[in-house]
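Notes for the structure review
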Amino acid sequence: MSTNMVAVLYLISALMFIFALRGLSHPESSRLGNIFGIVGMVIAIITTLMFKSVLSYTEIGAAIIVGGAIGTFIALRIEMTALPQLVAAFHSLVGIAAVFVAAAAFYDPASFGIGTIGSIGTSSLIEMSIGTFIGAITFSGSILAFGKLQGTVSGKPIVFKFQHAINALILLFIAFLIIIFCINQSPSIFWTIVVVSILLGFLVVIPIGGADMPVVVSMLNSYSGWAACGIGFTLSNNLLIITGALVGASGAILSYIMSKGMNRSIISVVLGGFGGEQTASASGDNSDKIVKQGNAEDAAYIMKNADSVIIVPGYGMAVAQAQHALREMGDILKKEGINVRYAIHPVAGRMPGHMNVLLAEANVPYDEVLELDEINHDFPMTEVSFVIGANDVTNPAAKTDETSPIYGMPILDVEKSQTVLFVKRSMATGYSGVDNELFYRDNTTMLFGDAKKMCEDIVKSLA
Amino acid sequence: MEAHSSEVFVIGLTVFFLACIIGYYVVWSVTPALHSPLMGVTNAISSVIIVGAILAAGPLGHDSSKIFGIIGVVLASINIFGGFIVTYRMLSMFKKKPKKEQKD
């Protein structure tokens, strides 16, 4: 195949990827988008297999079948509540794959047309080491994020002295290694860059707490894109550059949306350590206030007599796997002629859009699920807000209390509705460690118990 | 050695910045409800890095470069299949449901 033909086919593949993302602008066009993505990938792979230098079809075929079987198995088995972990794990694979491709290019530069062993062009070496560096960070950062999401590693932020200074020093050291690598092209320096970058990846994610994971997962998504970009520059491959830039931009925008949803700068999330320290100071002054408690029958009675109910789900709903029971409750209420809708805060859950997927899994029609901007002005006209597994995202202190760590965060104005039903396991504070004054308001009724059990009990009482 | 004169780099850079701008506008048009599938799809397409791995694994023989290439192909394939399938699963949940209760 001529070079031009390859370039054209790669261009088609890149356009397919752009259409794949474009399709996600609406649920109805999204499935077609996914097909575009698959077609683009097939074109890219077949085009590459047609290269004159590519001869070992059996090995490559076997590798694709093995990898494909593993990927298919995992993707079909995974529970939707475990999506964030899965995505983190997949990011780590992109990262380490980038490292292997860079290593391959370094050990056999002739196959990639970037020189011969020991005399690779300096620009190629720089691009290669940057791709390796980002790939290795993505790998280890994602593994730790996976551990934190899965619960194998504590989700609490781990903070120690001189953390940022140490990270900065390591970064400088890597820059120094890259310079040495460009001069002597030594394999041992290459692998040192890999190892030190892996270490840095761990150190970068260690101080970041569990509920900041939406930002971290988005950021790692972005990194995996930049890693592909770096490899694209090394191989002078426009398809890799375009795709890497698309993915990088996507992850960066998601990180921005997530940190805006918490009213925090991306920098402060990256530096981490949030949520650990304030825990003790916040409670205490509310200990003498009265909390109104209710049970499933009360909740059923209140909702049955309402005209409109807004359900506010959070991570607690995912943990309790309460989405199906919740949907059942919503269905019964709808049959009674009650206007039932769902309100999703941007940072609800552990990855962007996590709640939307869980509700969709439970067969909640997507047009009943609304974003913060779309539904927030409706709370004053709403009779019942049903908060399940969410806490900080409903805390009015974010609007009034300047000393609160969550001050300025956009929240769902549930307190403006006539009645707030708040499903919660106990009186414990949310992730931010801030007490929620909503619990003590006259129009709030607390429903203590497991989210799933509570929904099932309400369903029984409604029937 | 056709590659890697400074011209090639500048062309790559041009492509890079234009792609970033396209990415910026396309991603902002994604509805927030589909942000999880967006991550699934971007995850799958970033594994287009398999192209580099196939080139490394291509030549006959068994040098280290080839082994790295094969490993790269396996890892990227996990991601490609896994990413597209999990996205497919997510998106098929967002199908429009027939609303029976409105009719009766």
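Everything below is about the structure printed above this text.
Reference entry: report on the structure contained in this document. Every value quoted in this text rests on a predicted model; they were computed, and no experiment measured them.

Now for the interface of chain B and chain A. Counting from both sides, the interface comprises 84 residues of chain B and, opposite them, 109 residues of chain A. Of the roughly 8,400 Å² buried at the junction of chain B and chain A (both faces included), carbon and sulfur atoms supply 77%. The tally of links between chain B and chain A comes to 1 salt bridge. Between B:Lys66 and A:Glu59 there is a salt bridge; the shortest N-O distance is 3.3 Å. Applying the counting rule to chain B against chain A returns 18 residue pairs in polar contact (both at pLDDT 80 or more). Elements supplying a minimum of two residues to the side of chain B that touches chain A: α1 (6-28), α2 (35-46), α3 (50-57) and α4 (64-93) of chain B. Considering every element that reaches the side of chain B that touches chain A, the biggest residue donor is α4(B), with 28 residues.

This part is about the packing of α2(B) against α4(B). Residue and element names in this part refer to chain B. Where α2 contacts α4, the two axes come as close as 8 Å, and the packing angle between them is 160 degrees. The orientation of α2 relative to α4 falls into the category roughly antiparallel. In the crossing of α2 with α4, the sense of the turn from one axis to the other is left-handed. Between α2 and α4, the residues in contact are Ser36, Pro37, Gly40, Val41, Asn43, Ala44 and Ile45 and Asn79, Ile80, Gly83, Phe84, Thr87, Met90 and Leu91, respectively. Classifying every residue of the contact of α2 with α4 by side-chain character gives 8 nonpolar, 6 polar and no charged.

For the coordinates displayed, the defined rule picks out 20 aromatic pairs over all chains. Ring geometry for A:Phe173 versus A:Phe176: centroids 6.5 Å apart, planes at 25 degrees, classification stacked. On the criterion of helical spacing, the pair formed by A:Phe173 and A:Phe176 is a turn pair, its members being 3 residues apart in helix α6 (residues 163-184). A connected cluster of aromatic rings, assembled from ring pairs, spans A:Phe100, A:Phe106, A:Tyr107, A:Phe181, A:Phe190, A:Trp191 and B:Phe68. Just above the ring of A:Tyr315 sits the side chain of A:Arg350; from NZ or CZ to the centre is 3.7 Å.

Here we come to helix α1 (residues 3-23) of chain A. The first and last C-alpha atoms of α1(A) sit 30 Å apart over 21 residues, in line with the 30 Å expected at 1.5 Å per residue. Among the residues of α1(A), A:Val6, A:Leu9, A:Tyr10, A:Ser13, A:Ala14, A:Met16, A:Phe17, A:Ile18, A:Ala20, A:Leu21 and A:Gly23 are the ones counted as buried.

Residues and elements named next belong to chain A. Where helix α5 (residues 122-150) contacts helix α7 (residues 187-205), the two axes come as close as 7 Å, and the packing angle between them is 40 degrees. In this structure, the crossing between α5 and α7 has a hand that is right-handed. Contact with α5, carried on its side by Ser129, Thr132, Phe133, Ala136, Ile137, Phe139, Ser140, Gly141, Ile143, Leu144, Ala145 and Lys148, involves Phe190, Ile193, Val194, Ser197, Ile198, Leu200, Gly201, Phe202 and Val205 of α7 and no other residues of that element. Grouping the constituent residues of the contact of α5 with α7 by class yields 14 nonpolar, 6 polar and 1 charged.

The next subject is a nonpolar patch on the surface. Residue and element names in this part refer to chain A. On the surface, a cluster of nonpolar side chains totalling about 520 Å² of accessible area is made up of Met1, Met5, Ile38, Val42, Ile46 and Met50. Counting residues per element, the nonpolar patch draws most heavily on helix α2 (residues 27-49), at 3 residues. Among the structural elements, Val42 can be located in helix α2. Residue classification places Val42 among the partly exposed positions, given a relative accessible area of 41%.

Below, the discussion takes up the nonpolar core. All names here are of chain A. Within the largest apolar cluster, 190 residues are counted, with the highest numbers of intra-cluster contacts made by Met303, Leu326, Met329, Phe386, Ile388 and Ile458. Element by element, the count of residues in this core is highest for helix α4 (residues 83-107), at 17 residues. The contact partners of Ile388, leaving out residues within four places of it in the chain, are Ile311, Val312, Pro313, Gly314, Met317, Ala322, Leu326, Val423, Ala451 and Cys455.

Now for the sheet that holds strand β5 (residues 339-344) of chain A. Residues and elements named next belong to chain A. Spatially, 7 strands are ordered β3-β9-β8-β7-β4-β5-β6 in an open sheet, and the strand pairing comes out parallel. Single-partner strands in this sheet number two, and they are β3 (293-294) and β6 (369-371). Of the strands in this sheet, β3, β4 (308-313), β7 (384-388), β8 (419-424) and β9 (444-448) are in contact with helix α12 (residues 296-304), which crosses β8 at around 145 degrees. With respect to the sheet, helix α15 (residues 354-361) is in contact with β4, β5 and β6, its orientation differing from that of β5 by roughly 145 degrees.

Now for the pattern of salt bridges. All names here are of chain A. For the coordinates displayed, the defined rule picks out 12 salt bridges over all chains. Residues Glu28 and Arg31 are paired through a salt bridge, measuring 3.8 Å at the closest nitrogen-oxygen approach. One end of the pair, Glu28, and the other, Arg31, are both in helix α2, 3 residues apart, so they sit about a helical turn from each other. Of the charged contacts, one joins Arg441 and Glu437 as a salt bridge, the two residues approaching to 2.9 Å between their closest N and O atoms.

Take the pairing of β8(A) next. The side chains of a regular strand alternate between the sheet's two faces. Residues and elements named next belong to chain A. Counting buried residues in β8 gives 6 out of 6 residues, a clear majority hidden from the surface. Side chains of β8 alternate between two faces, with Thr419, Leu421 and Val423 and Val420, Phe422 and Lys424 buried alike. Here 5 bridges tie β7 to β8, and the two strands are oriented parallel to one another. Opposite Ser385, over in β8, you have Val420 as the bridge partner.

On to the pairing of β4(A), then. Residues and elements named next belong to chain A. The buried fraction of β4 amounts to 6 of the 6 residues, a majority that puts the element mostly inside the structure. The side-chain alternation of β4 yields two buried faces, one formed by Ser308, Ile310 and Val312 and the other by Val309, Ile311 and Pro313. In terms of strand pairing, β4 meets β5 through 4 bridges, oriented parallel. Bridge pairing links Val309 to Val340 in β5. Two elements, β4 and β7, share 5 bridges in a ladder whose sense is parallel. The residue bridging Val309 from the neighbouring strand is Val384, located in β7.

Definitions and limits used
- Residues numbered from 1 in each chain as written.
- Chains lettered and ligands numbered in written order.
- Predicted model: local features only at pLDDT ≥ 70, side-chain atom pairs only at ≥ 80, totals over all residues.
- Heavy atoms only, no water.
- Contact = heavy atoms within 4.5 Å.
- Buried area = accessible area lost by both parts, 1.4 Å probe.
- Salt bridge = Lys/Arg side-chain N within 4 Å of Asp/Glu carboxyl O.
- Polar contact = N/O pair within 3.5 Å; in protein donor to acceptor, adjacent residues only side chain to side chain.
- Helix = DSSP H or I, 4+ residues; strand = E, 2+ residues; numbered from the N terminus.
- Axes fitted to C-alpha atoms, helices over the stretch in contact; angles between N-to-C directions.
- Parallel < 35°, antiparallel > 145°, perpendicular 65-115°, else oblique.
- Left-handed = near helix turned anticlockwise from the far one by under 90°.
- Nonpolar A, V, L, I, M, F, W, Y, C, P; charged D, E, K, R; others polar.
- Phe/Tyr/Trp six-rings, centres within 6.5 Å; stacked < 30°, edge-to-face > 60°.
- Lys NZ or Arg CZ within 6 Å of the ring centre and 35° of its normal.
- Expected span 1.5 Å × (residues − 1).
- Buried < 20%, exposed > 50% of the residue type's maximum accessible area, 1.4 Å probe, protein only.
- Patch = residues over 30% accessible without salt bridge, like charges linked within 9 Å, V, L, I, M, F, W, Y side chains within 5 Å.
- Areas by Shrake-Rupley, 256 points an atom, 1.4 Å probe, with all protein chains shown as cover.
- Core = buried A, V, L, I, M, F, W, Y, C linked by side-chain atoms within 4.5 Å.
- Pairing = 2+ DSSP bridges.

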